[in-house]
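Descriptive structure summary
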Amino acid sequence: MSRVWVLGHGQLGAMLQHAAMPLNVDVVPVDIDSAQLPDLQPEDVVTAEREQWPQTPVTEKLATHPNFVNLDVFARLADRYTQKQLLDQLGLATAPWRLLDDNLSAAEIHAALGERALLKRRTGGYDGRGQLWLKQAESTAIPDDWRNLAIVEQGINFDEEMAIVGVRDRSGNKYFYPLTLTLQLNGVLTASVAPLQRLKKLQRKAELMLGTLLDELDYVGVLAMECFRVGDELIVNELAPRVHNTAHWTQAGASVSQFESHVRAVAGIPLAKPQVKGLNVMINLLGTPYDERWWAISGAEPYWYGKEVRPGRKVGHITFTHSGDKRLIQGLDELKELLPPRYEEVIDWVEAAVEGDSAE
Ligand code: ATP
Ligand code: MG
């Protein structure tokens, strides 16, 4: 039995572990603050469920193992500055940007990037944290403590947001999941839908872009690319060198989930092209208390992370894999009754995406 250590012990590590069981791979998520060091063997493999980590005895031990897959990629992508440089170098469309150095003034930013610009911390930001809008009309000041620690990018008036996840093995074989339409509220992924007929025409473009990145990085495993759609163009928002929330639906809706694909790739097990089973919908449970009634909804596949519930925290998700539009909508309507009122707009958004697509 081969062993894969995961740096980090959140829900992504747990879902990797879950997916690996039938593969006869022992995936072991590791608490980076643990006092006990992992008992690494030379033939073991190391991966991570997070982009960045502080130096602790545990992370130091994991990061010095020769089989830490994609080790250099993490630092390169975890810093938005080097990530943006990579996108530019490969000619992949991304929001125009500048490094917020000591000298860049708000006037220069607006002259170069337009009246709406977004400051983003170079590292550590997630779920919309570490971002600050700089609006010309409001003469927003640049905080001093962001200089050299942030980039600034053009505010994009996108039509919608989507993401694609792909996997690559050591020989360079690549497979992709369908583009996934995503709903971000307050910077947090709240729902996703895939695949949509109307996005099929963008699939090849997205695969070429992500494929270029996977090959350039000589990447092994799953990489996620978040995009803005502007007309028929895709603009890369950001990259994540790991399994990704926008593809959680693949647990229910694909023959090989993103978690299984990642484990296969890093453990050296042959990849297979994921077969998608139907139209899939995923709703993130954000700070929502556990409710046993979810399990009784026809077609619903809840996944609970077992974490303490705190406001806004990702504590689980519920996936539906379509087997006839009507039943999917019925299940979503039932779920709407059981979730807090703030989910009404989320479920309406999902239902509109599903119904709009089948109407086409
Ligand atoms: P994640 O949790 O996905 O890592 P994040 O907090 O690191 O997110 P981004 O994905 O870069 O940050 O931004 C969060 C959201 O903010 C995006 O999904 C999008 O809705 C909005 N956003 C980001 N960049 C821009 C931009 N240049 N123009 C307009 N909106 C943007
Ligand atoms: Mg994002």
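Within each chain, residue numbers correspond to sequence positions counted from 1 in written order. The order in which chains are written sets their letters, starting at A; the order in which ligands are written sets their numbers, starting at 1. With pLDDT at 70 or above as the cut-off, local features in this predicted model cover only qualifying residues; side-chain atom pairs require 80 or more to be listed or tallied, and sums for whole chains, interfaces and linings still use all residues. Remark: hydrogens and water are excluded; side-chain values derive from all non-hydrogen atoms of the structure.

Here's the deal with the nonpolar core
Note the cut-off: The term nonpolar core refers to a set of buried residues drawn from Ala, Val, Leu, Ile, Met, Phe, Trp, Tyr and Cys, joined through side-chain atoms within 4.5 Å. When accessible area is computed with a 1.4 Å probe and restricted to protein chains, residues below 20% of their type maximum are described as buried, those above 50% as exposed, and intermediate ones as partly exposed. Only DSSP runs of H or I with at least four residues qualify as helices, and only runs of E with at least two residues qualify as strands; both kinds are numbered from the N terminus onward. Contacts are residue-level and defined by heavy atoms, with any inter-residue pair within 4.5 Å sufficient.
Membership of the largest hydrophobic core comes to 52 residues, with the highest contact counts inside it found for Met225, Val281, Ile283, Phe320 and Leu335. Looking at this core, the element that brings in the most residues is helix α6 (residues 200–216), giving six residues. Contact partners of Met225, with chain neighbours within four places excluded, come to Met162, Ala163, Ile164, Ala206, Met209, Leu210, Leu213, Val236, Glu238 and Leu239. Counting residues in hydrophobic clusters, the runner-up holds 30 residues, among them Val4, Val165, Val256 and Ala265.

Observations regarding the pairing of strand β7 (residues 150–154)
Inclusion rule: For two strands to count as paired, DSSP must find a minimum of two bridges between them.
With respect to burial, β7 is a largely interior element, four of its five residues being buried. As paired strands, strand β5 (residues 116–121) and β7 are joined by five bridges and run antiparallel to one another. Pairing of Leu119 across the sheet is with Val152, part of β7.

Concerning the domain arrangement of the protein chain
Basically, it comes down to this: Per the annotation, domain bounds derive from an automatic or database assignment of domains. What counts as buried area is the accessible surface, traced by a 1.4 Å probe, that two parts surrender upon association, with contributions from both included. What counts as a salt bridge is simple: a side-chain nitrogen of Lys or Arg found within 4 Å of a carboxyl oxygen of Asp or Glu. For this analysis, a polar contact is any N or O atom pair within 3.5 Å, provided that within protein one partner can donate a hydrogen and the other can accept it, and provided that sequence-adjacent residues contribute only side-chain to side-chain pairs. Residues were grouped as follows: Ala, Val, Leu, Ile, Met, Phe, Trp, Tyr, Cys and Pro as nonpolar; Asp, Glu, Lys and Arg as charged; and all remaining residues, including Gly, as polar.
Looking at the protein chain, the domain boundaries give domain 1 (2–77), domain 2 (96–154) and domain 3 (160–359). Here the C-alpha centroids of domain 2 and domain 3 sit 29 Å apart. Taken together, the contacts link four residues of domain 2 with five residues of domain 3. Summing the contributions of domain 2 and of domain 3, the shared interface buries around 300 Å²; its carbon and sulfur component is 33%. On inspection of domain 2 and its partner domain 3, the count reaches zero salt bridges. The tally of links from domain 2 across to domain 3 stands at one residue pair in polar contact (both at pLDDT 80 or more). Here the residues of the side of domain 2 that touches domain 3 sort into no nonpolar, one polar and three charged.

Comments concerning the pattern of salt bridges
Here the structure, examined in full by the defined rule, presents 17 salt bridges. A salt bridge links Glu238 to Arg80; the nearest nitrogen and oxygen atoms lie 3.3 Å apart. Taken together, the residues span a long stretch of sequence, with Glu238 in strand β13 (residues 233–240) and Arg80 in helix α4 (residues 80–89) at a distance of 158 residues. Classification of Arg80 by relative accessible area gives buried; the value is 11%. Residues Lys84 and Glu153 are paired through a salt bridge, measuring 3.1 Å at the closest nitrogen-oxygen approach. A residue pair is termed long-range when its members are at least 10 positions apart, and Lys84 in helix α4 and Glu153 in strand β7 qualify at 69 residues. Residue Lys84 shares its accessibility class with Glu153, and that shared class is buried.

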